[in-house]
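Here's the letter readout for the chains.
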Amino acid sequence: MRSYLGPYIAKWRPRPSPLLALCTFLVSERHAGSRSPWKPYLDTLPKAYTCPVCLEPAVLGLLPKPLQAKTEEQKARVQELWASSRGFLSSLQPLFAEAVDSVFSRGALLWAWCTVNTRAVYWERPPSPCFAAEPDTCALAPYLDLLNHSPDVQVKAAFNEETRCYEIRAASSCRKYEEVFICYGPHDNHRLLLEYGFVSARNPHACVYVSKDILIKYLPPADKQMNKKISILKDHDLIENLTFGWDGPSWRLLTALKLLCLGAQEFLCWKKVLLGETISDLNEKISLDIAQQICLCFTEETNATLQKVSRMKDEDAAWSGQLTLVEALWTEELKILQVSAEVLARSRAAFP
């Protein structure tokens, strides 16, 4: 607000969002090049991003379906920012010798949005009369945003109102000359790729998602109580975030399967399933069998996708970087499915 953009932001109606103001400033300063006092910082920023919202459509189509859906939601938000910003950005024409549309292209705004989305820290600010009435919580912190992520470290991070500094305190020590890592949060690889544009190898929070439609696909179609069972799972928040992880199928996935596999005579015991009680050996056996079938199917699909990615890397070198990222994601998911298959085999052996 203290820059040359301040007066334009202050007088524009409807008031721009804090996010749009930050994106506008980034694009404008990058356009200024060596004339920008922020050039040293801008030079540290990626020239392009690898978040799914930036991927080529053919590469995006290779991602797991749940991640594709979240990417489409993100793309819609970026499109809304782009469409709603046209008037405000046009008002900045007096600041530029070039046509403002060439400065604030869709690609430039996407770059700025990715910069904020991947690098901003949380810093809650009091409402400003210059901005739209929405939370003003994003701040860019040069140098701080050079710290990379590791899921194995614990940190406390917040703005210290007394020292007026953003402070990060690590719970573990760092050896001399070693890279210092922070943790962006207990995120799985879908979230890391979506929000930050990378995949973490051997991520303890990584998982493979199983959708409701997949579950139903493997259940008897003639189950007259199926709709009621699905309704119970929804009411108890057990219809989403069903996963395979490094420990095998999650409690949520197995619980959902056990409830869905209840026989007609067992259905009245559904509350016991939610409490973790065993209903019958047959129910346990059928649930594990279906989990094994899903795991096997996912493993086959994952191998097929990895083969397709490998072929595409050979055919189009221009997409090599994006495809390598997709390959890393699927490789981690394959490892999880292989571990889960072993866990399920051991569990299944208890029910001959």
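Residues numbered from 1 in each chain as written. Predicted model: local features only at pLDDT ≥ 70, side-chain atom pairs only at ≥ 80, totals over all residues. Heavy atoms only, no water.

Naming follows an unreviewed UniProt entry, where the protein chain appears as SET domain-containing protein 4 isoform X5 of Erinaceus europaeus.

Turning our attention to helix 5 (residues 65-90). For an α-helix the count is 3.6 residues per turn, leaving residues at separations of three or four pointing the same way. The first and last C-alpha atoms of helix 5 sit 38 Å apart over 26 residues, in line with the 38 Å expected at 1.5 Å per residue. Approximately 40 degrees is the largest bend angle found in helix 5, and it occurs at Ser 84. When helix 5 is considered as a whole, its buried residues turn out to be Leu 67, Gln 68, Thr 71, Gln 74, Val 78, Leu 81, Trp 82, Ser 85, Phe 88 and Leu 89. (Helix = DSSP H or I, 4+ residues; strand = E, 2+ residues; numbered from the N terminus. Expected span 1.5 Å × (residues − 1). Bend = angle between axes of the 7 residues up to and from the residue. Buried < 20%, exposed > 50% of the residue type's maximum accessible area, 1.4 Å probe, protein only.)

Evaluated as defined, the whole model comprises 0 disulfides. No disulfide involves Cys 165; its sulfur sits 19 Å from the nearest other cysteine sulfur, which is in Cys 174. Note on Cys 165: relative accessible area 38%, which makes it partly exposed. A disulfide-free cysteine, Cys 295 has its sulfur positioned 10.0 Å from the sulfur of Cys 297, the nearest such atom. (Disulfide = S-S within 2.5 Å.)

This part is about the packing of helix 5 against helix 8 (residues 189-196). In the contact formed by helix 5 and helix 8, the axes pass within 11 Å of each other and the chain directions differ by 25 degrees. Comparing the axis directions of helix 5 and helix 8 gives the class roughly parallel. Like other packed secondary-structure pairs, helix 5 and helix 8 cross with a definite hand, here right-handed. Residues Leu 67, Lys 70, Thr 71 and Gln 74 of helix 5 form the contact with helix 8, whose own contacting residues are His 190, Leu 193, Leu 194 and Glu 195. (Axes fitted to C-alpha atoms, helices over the stretch in contact; angles between N-to-C directions. Parallel < 35°, antiparallel > 145°, perpendicular 65-115°, else oblique. Left-handed = near helix turned anticlockwise from the far one by under 90°. Contact = heavy atoms within 4.5 Å.)

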